[in-house]
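# Descriptive structure summary
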Amino acid sequence: MLIKNVNLVGLDGVYDLVISKGCIAAISRTTGGDLATSSSPTSNLPEGEQEVVDGKGKVWVGPGLRDAHTHFSTWALTQTRLDLSSATSAKETGEMVLARYKEPSEDPSAVLVGRDFRVGKWPDIESMTKEYLDSLIPDRPVALMSGDLHSLWANSLGLRFLGVDPVSSTGVLFEKAAFDAMGVLNNVPMDQLDAAVDASGREAAALGVTHILDLEMVHNMANWTRRVDKGFKWLRVRVGMYCDHIQDAISRGLKSGDLIPEGKGLLTVGPYKIVTDGSLGARTAYCHDPYPGTKDDYGLWIYPTQTLHAMATYGTKHNLQLAIHAIGDRANALVLDTFSKLDPPPLPGSSIEHAQLVSVEDFPSFAKLDLIASVQPEHLNDDKELSDRFWGCRSNRAFAYRSLEDAGARLALGSDAPVAALNPWGAMAAALSRERPGEEGQDGAAWHPEQCLSSNKVAWKWSTWTDEVSIKVGDAADMCILADDPLVLDAKALRHMKVLGTLLGGDWTFKSADLS
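All figures in this text were calculated on a predicted structure; none of them were measured in a lab.

## Quick word on the overall build of the chain
Scanning the chain for helices and strands turns up 16 helices and 21 strands. The globule rule puts the C-alpha radius of gyration for 516 residues at 24 Å, and the 23 Å found for the chain is close to it. Expressed as lengths along the three principal axes of its C-alpha atoms, the size of the chain is roughly 75 × 55 × 55 Å. Buried positions account for 59% of the 516 residues belonging to the chain. Residue pairs at least 24 apart in sequence account for 72% of intrachain contacts in the chain once pairs closer than 6 positions are excluded.

## What to know about the pattern of salt bridges
One pass over the full model with this rule turns up 29 salt bridges. Two residues, Asp-194 and Lys-230, come together in a salt bridge whose shortest N-O distance is 2.8 Å. Taken as a pair, Asp-194 in helix α6 (residues 190-205) and Lys-230 in the loop between α7 (221-229) and β13 (236-241) lie far apart in primary sequence, 36 residues in all. Here Arg-402 and Asp-406 are joined by a salt bridge, their closest N and O atoms 3.1 Å apart. Placement of both Arg-402 and Asp-406 in helix α13 (residues 401-406) is noted, with a separation of four residues, approximately one turn of the helix. Taking relative accessible area as the criterion, Asp-406 reaches 56% and is therefore assigned exposed. Shared partners join several salt bridges into a network, and the residues in it are Asp-191, Asp-194, Arg-226, Arg-227 and Lys-230.

## Some details on the sheet that holds β13
Read across the sheet, eight strands follow the order β6-β12-β13-β14-β15-β16-β17-β18 without closing on themselves; strand pairing throughout is parallel. Single-partner strands in this sheet number two, and they are β6 (65-70) and β18 (410-413). Between one strand axis and the next, the sheet turns by 25° as a mean value, whatever way the strands run. With three bridges connecting them, strand β16 (residues 351-354) and strand β17 (residues 372-375) associate as parallel partners. Within the sheet, the bridge partner assigned to Ile-352 lies in β17 and is Ala-373.

## Observations regarding the packing of aromatic side chains
Within the structure shown, the criterion is met by nine aromatic pairs. Between the aromatic rings of Phe-72 and Trp-224, the centroid separation amounts to 5.9 Å while the plane-to-plane angle is 50°, which identifies the pairing as tilted. Taken together, the residues span a long stretch of sequence, with Phe-72 in helix α1 (residues 72-78) and Trp-224 in helix α7 at a distance of 152 residues. Comparing Phe-72 with Trp-224 shows no difference in burial state: the two are buried.

## Digging into the sheet that holds strand β10 (residues 151-154)
Pairing within the open sheet is mixed, and its five strands lie in the order β7-β8-β9-β10-β11. Pairing within the sheet leaves two strands with one partner each, and these edge strands are β7 (82-83) and β11 (172-174). Taken together, the two bridges between β7 and strand β8 (residues 112-117) define a ladder with parallel strand orientation. Looking across to β8, one finds that Asp-83 is bridged to Arg-115. Contacting β8, β9 (142-146), β10 and β11, helix α5 (residues 175-185) crosses the sheet at an angle of about 105° to β11.

## Looking at the pairing of strand β14 (residues 267-275)
A large share of β14 lies buried, amounting to nine of its nine residues. In the sheet, β13 pairs with β14 via four bridges, with the strands oriented parallel. By the bridge assignment for β14, Val-239 is matched with Val-269. Note that the unit made of β13, helix α8 (residues 246-251) and β14 has a crossover that is right-handed. Here four bridges tie β14 to strand β15 (residues 322-326), and the two strands are oriented parallel to one another. Each residue of the ladder has a partner; that of Lys-273, found in β15, is Ala-323. Following the chain from β14 across helix α9 (residues 305-317) to the adjacent parallel β15, one finds a crossover that is right-handed.

## A short note on unusual backbone geometry
With omega at 10°, the peptide bond leading from Asp-343 into Pro-344 counts as cis. Here the residue pair Ala-417 and Pro-418 is connected by a cis peptide bond, since its omega of 15° sits within 30 degrees of zero. In this structure, His-354 is a non-glycine residue whose phi angle is positive, near 95°. Tracing the backbone shows His-354 in strand β16.

## A word on the pairing of β15
Taking burial as the measure, the five residues of β15 include five buried ones, the bulk of the element. Taking every second residue as pointing to the same face, both faces of β15 are buried, with Leu-322, Ile-324 and Ala-326 on one and Ala-323 and His-325 on the other. As judged from the four bridges shared by β15 and β16, these two strands associate in the parallel manner. Looking at β16, one finds that Ala-326 is bridged to His-354. Viewed along the sheet, the connection from β15 through helix α10 (residues 329-340) into β16 turns out right-handed.

## Some words on the nonpolar core
In terms of nonpolar packing, the biggest core is built from 112 residues, with Phe-366, Trp-391 and Leu-411 touching the most fellow members. Ignoring sequence-local partners within four residues, the contact set of Leu-411 consists of Ile-372, Ala-373, Val-375, Tyr-401, Leu-404, Glu-405, Leu-453 and Trp-462. Of all hydrophobic cores here, the second largest spans 18 residues; its members include Met-1, Ile-3, Val-59 and Leu-503.

## Observations regarding the environment of Gly-293
Its place among the elements puts Gly-293 in the loop between β14 and α9. Separated by 97 residues in sequence, Gly-293 and Phe-390 have C-alpha atoms that sit 9.5 Å apart.

## Description of the packing of helix α12 (residues 378-390) against helix α14 (residues 424-433)
α14 packs onto α12 with a crossing angle of 60° between their chain directions and a minimal axis gap of 7 Å. Here α14 runs oblique to α12, going by the angle between their axes. Contact residues: Glu-378, Leu-380 and Asn-381 in α12; Gly-426, Ala-427 and Ala-430 in α14.

The rules behind each value
- Residues numbered from 1 in each chain as written.
- Predicted model: local features only at pLDDT ≥ 70, side-chain atom pairs only at ≥ 80, totals over all residues.
- Heavy atoms only, no water.
- Helix = DSSP H or I, 4+ residues; strand = E, 2+ residues; numbered from the N terminus.
- Rg over C-alpha atoms; globule rule 2.2 N^0.38 Å.
- Buried < 20%, exposed > 50% of the residue type's maximum accessible area, 1.4 Å probe, protein only.
- Contact = heavy atoms within 4.5 Å.
- Salt bridge = Lys/Arg side-chain N within 4 Å of Asp/Glu carboxyl O.
- Pairing = 2+ DSSP bridges.
- Axes fitted to C-alpha atoms, helices over the stretch in contact; angles between N-to-C directions.
- Phe/Tyr/Trp six-rings, centres within 6.5 Å; stacked < 30°, edge-to-face > 60°.
- Right-handed = clockwise from strand over helix to strand, strands pointing away.
- Core = buried A, V, L, I, M, F, W, Y, C linked by side-chain atoms within 4.5 Å.
- Parallel < 35°, antiparallel > 145°, perpendicular 65-115°, else oblique.

This is the structure in C-alpha cells:
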C-alpha cells in the first residue's frame, strides 16, 4: 500500500509511506510533487498490496492509539444497560429505574441492570437501600452498578439473583462482593457476549484505537482466542490476569509480552493484576487520613504487606509484569514500597493502576523504580466533587498528572471502560484541560489546572501504542489517519477529532468515505 502526500504527526513536511507485509517499509519526504511513481513506486509492492491512498497534504498520520486499562466485556455489555450517570440523587436514580421498568419494551422477567451512578453530589446517600428500591419495584430483580464498579445497589430480588441473602445486606455491595455480583450480571450467553465485544472493537477502531489492555476479572485467554477464531480483527489485545489465572500461563511457559498461541498475532500475555485498595466513590480508597466524619476509617487495605510482597515476587519470578491497583495515598505509598523491595525487580512495563492520590514525597518513586503510572484522565472530571468532599485539601495532589510528569514518571492514558468511555480523545482532552466536556474555556471550569499535562505532545505520546509521537520505518503498520494535527488542537477540538482511517498490520479496521 502507498499512502502519499500526508503529514506525519510530530514532523514537518509532507510524506509518502509504503506499507508492506504489515509494517511501515519506507517513509520518504516529498518535494511538493506527486511522488507515487518516483520515490515510492507501487510496482515494487507485492501483488495485493498496491492500493494507493492520497492524503493531498490535508491529513495527519500517527501511531495507532492505545487504551491502557479496560474491562472490555463489561464495556461491551454496558452499552445496552440503563445509563444513570445524570442522576443527582438516590431519589432521582430510583425514578429513572422506575421509568425504565414501565417501558413496554422491557422484558419483565429479566434483571433490570443500571450502570454508572455516581454519588459525588448526592444529598441522600443514606437512601441507597434495598428497601427504597423494593418500594418502587418489588416484583423484578434490579441491580445498579456504580460508575467506578466498586459498589452495586440492588433490591431484594436483585440480591437473591446475585446469590446474596437480602436479610443480611443493606442492598449495597462493596469491593469483592460487588465484583462477584457484576460477574453474575456479565454471565450472558457466549454468542451474545462475543457479538457485543466484536461491535465494541469495531467502534474502538473507528476512534483510531489499535491496542488495548483488557483487565476483565475472568480467565480471559480462552475467551479472546475464541473471539479471534470467530473473526475478531479490530484490535491487538494484551490480556491481563489475576491471582486465580496466572498459574495457567505459568504452566504453559508463557510470560508477559509473549504472543498467545492461536491468537493470530493479535493477542499477547498481559500483566498480573493485583487490587490493593478500593475506590474514592465507595470511600474505600486507602488513605493516610481518615474520611470526613470518621475517626478511624482510612479505607480498605486488602492484603497484609507481606502477602502483597509475596504475590508480587511470585509474579515477577515467573516473568510477569505487575499491574497493581492503588488509589489512595497510603495505598500508593505501600505499593511503591513493595515494588522497591522486590528481588528480582519488577519487569519493565510494570505499573501502578490509577495512582489517583499520591503523597508529595512519593512522586519521584515512579521514575526511580521505572514504573508506569497508568491513569484514566476522564475520572478526574467524574470525581471532582467526590475528591473535594472526601479528600478535601489533599485534592491538589489528586489525579496529579503534572506532578508525575515533572517527577520524571512515564504515564499511560486509558479509560477503565466502562468506568469512563473508551475514547482516547476524551482522555487526552481531560489530561490537558481538566475541564468537563462542554465547559471548556469557562472561568473556573478547570479543576486544579496546575496539574494539567504540559503539552499536547506529552498527552499524545502517552496515548499511542508505541509511546512515541511519530511513526518510523520498521514499526508495525498500526496507525491512525486524522483530519487535524493533534499536537495543536485545544481540548474541545481534541474531543471532536475526526478519524479518517485506522490500520492494523496494514489492514483497514476503519476507513472513512472521506479518505480517497
